[in-house]
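# Close look at the chain arrangement
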Amino acid sequence: MNTTPPRALLPAGLRSPGRWAVLPAAVLAGAVLGGGYGALKTPEYAATSYVIVVPAEKADPAGALGFAQAYGRVATDIAVTGDAQVWAGVTADTLRRNVQAATSPDAPMISITARAAKPAQAVSMADGVARALILNSSHVAGSTGVKVVQFSRATKPVAPVSPSAPLSALVGGCAGGLLGGLALLVRPKRSAARGEARHSRQATAPAGSASVPSPAAAAHQAEAV
């Protein structure tokens, strides 16, 4: 009958009770850091304005989709060169960093999403960029054959889109637990490797010293002969 206790099947590093304290400590540290980040970080609000590209009279309707893709790529550039920063009340760098435009492969529609610390500011930024696109398209409608019109104005957000403090604490705790578990799995292997290397050096040291006599012993043997 096998009388080996179950805990003997674990590595020596994991059988140490004190080593398991790393895991709850890592989870607690990650939760505290994540929750603190979520509580101290300024909440962000997002507002989205929609515009649509329509063909002008006697223009190819299929060209509207291609121009929608083009306008979506240069939306922030047009807004910066236009009056969007004046209408939104922010700088050009703020528009570049906090406004994103997305297009649809099936419809000539552009969504303009702005993020800001205040809900009203996010609405102003999204509508300001949309207004700049509409104004720019009207200036070049004679050569492009399309124009941009407002489809839906941005609505004031009622809740932030940034993660809350409890959610940040949960994510931080999971990350801390993962790092703590990896530390428990990796460290015993390194300790065992160092122990085996030290044991092998101790085992080979007497054999090596016996095969090579010291200078004093060699001189004594010469005199005796």
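Residues numbered from 1 in each chain as written. Predicted model: local features only at pLDDT ≥ 70, side-chain atom pairs only at ≥ 80, totals over all residues. Heavy atoms only, no water.

### Side note on the overall build of the protein
For the record, the criterion: In this description a helix means any DSSP run of H or I spanning at least four residues, a strand means any run of E spanning at least two, and both kinds are numbered starting from the N terminus. The cut-offs for exposure are 20% and 50% of the maximum accessible area for each residue type, with area from a 1.4 Å probe on protein chains only; residues under the lower value are buried, those over the upper are exposed, and the others partly exposed. Any two residues whose heavy atoms approach within 4.5 Å are treated as being in contact.
Looking only at helices and strands, the protein features nine helices and four strands. Helices and strands appear in the protein in the N-to-C order α-β-α-α-α-α-β-β-α-α-β-α-α. Put simply, the protein has 225 residues, and 27% of those count as buried. The long-range fraction of contacts in the protein, counting pairs at least 24 apart against all pairs at least 6 apart in sequence, stands at 77%.

### Some remarks on helix α6 (residues 119-139)
Applicable threshold: Residue count minus one, scaled by 1.5 Å, sets the expected span of a helix.
With 21 residues, α6 ought to run about 30 Å at 1.5 Å a step, and its terminal C-alpha atoms sit 31 Å apart, in line with that. For α6, the set of buried residues is P119, A122, V123, M125, A126, D127, G128, V129, A130, A132, L133 and S137.

### Remarks on the pairing of strand β2 (residues 99-103)
Applicable threshold: When DSSP locates at least two bridges between a pair of strands, those strands are taken to pair.
The pairing of β2 with strand β3 (residues 109-116) spans five bridges and is antiparallel. Residue pairing for β3: T103 is matched across the bridge by I110. In this antiparallel pair of consecutive strands, β2 and β3, the connection spans five residues.

### Things to note about the environment of Y71
Locating Y71 in the fold gives a position in helix α2 (residues 63-73). Sequence separation of Y71 and N136 is 65 residues, and the distance between their C-alpha atoms is 9.9 Å. The contacts of Y71, once residues within four sequence positions are left out, are V53, I78, I110, L133, N136, S137, V140 and V148.

### Observations concerning the pattern of salt bridges
A pair can form between side chains of opposite charge whenever their charged atoms are brought close. Heads up, the rule is: By definition here, a salt bridge exists when the distance from a side-chain nitrogen of Lys or Arg to a carboxyl oxygen of Asp or Glu is within 4 Å.
Applying the stated criterion across every chain yields a total of three salt bridges. Salt-bridge contacts for E44 lead to R115; the nearest nitrogen and oxygen are separated by 3.6 Å. One end of the pair, E44, is in the loop between α1 (22-40) and β1 (45-55); the other, R115, is in strand β3, and 71 residues separate them in sequence.

### Regarding the nonpolar core
Rules: Here the nonpolar core consists of buried residues drawn from Ala, Val, Leu, Ile, Met, Phe, Trp, Tyr and Cys, with membership extended through side-chain atoms lying within 4.5 Å.
Judged by nonpolar contacts, the single largest core of 31 residues is most densely connected at V53, L95, I112, M125 and L133. For this core, the element with the highest residue contribution is α6, accounting for eight residues. Excluding residues that lie within four positions of it along the chain, V53 makes contacts with A64, F67, A68, Y71, P108, I110, V146, K147 and V148.

### Details of the packing of aromatic side chains
Quick reminder of the rule: Classification of ring pairs uses Phe, Tyr and Trp, with its six-membered ring standing for Trp, and accepts pairs whose centres are within 6.5 Å; under 30 degrees between planes counts as stacked, over 60 as edge-to-face, and the remaining range as tilted. Whether a charge sits over a ring comes down to the Lys NZ or Arg CZ being within 6 Å of the ring centre and within 35 degrees of the ring normal.
Per the counting criterion, the structure on display carries zero aromatic pairs. One Lys or Arg, R131, reaches over the ring of W87 and ends 4.0 Å from the middle of that ring.

### Observations regarding the sheet that holds β2
What counts, and what does not: Angles shown run from 0 to 180 degrees and are taken between the N-to-C directions of axes, each axis being a line fitted to C-alpha atoms and, for helices, limited to the stretch in contact.
Strands sit in the order β2-β3-β1-β4 across an open sheet of four strands; the sheet is antiparallel. Two strands lie at the open edges of the sheet, namely β2 and β4 (146-152), each paired on one side alone. Direction aside, neighbouring strands of the sheet carry axes that sit 25° apart on average. Sitting on the sheet, α2 touches β1, β2, β3 and β4, and the angle it makes with β1 is about 145°.

### Digging into the confidence of the model for the protein
Using the following cut-off: Think of pLDDT as the predictor's per-residue confidence, scored from 0 to 100.
Of the residues in the protein, 57% reach a pLDDT of 70 or more, and the chain-wide mean stands at 74. Overall, residues 207-212 carries pLDDT values under 50, and its contacts beyond four positions in sequence, including any with other chains, amount to zero contacts. pLDDT under 50 marks residues 216-225. Its contacts with residues more than four places away, or in other chains, come to zero contacts.

### Some remarks on the side chain of T76
On the secondary structure map, T76 appears in helix α3 (residues 75-81). Overall, the relative accessible area of 18% leaves T76 in the buried class. Setting aside residues no more than four positions away along its own chain, T76 makes contact with L95 and V99.

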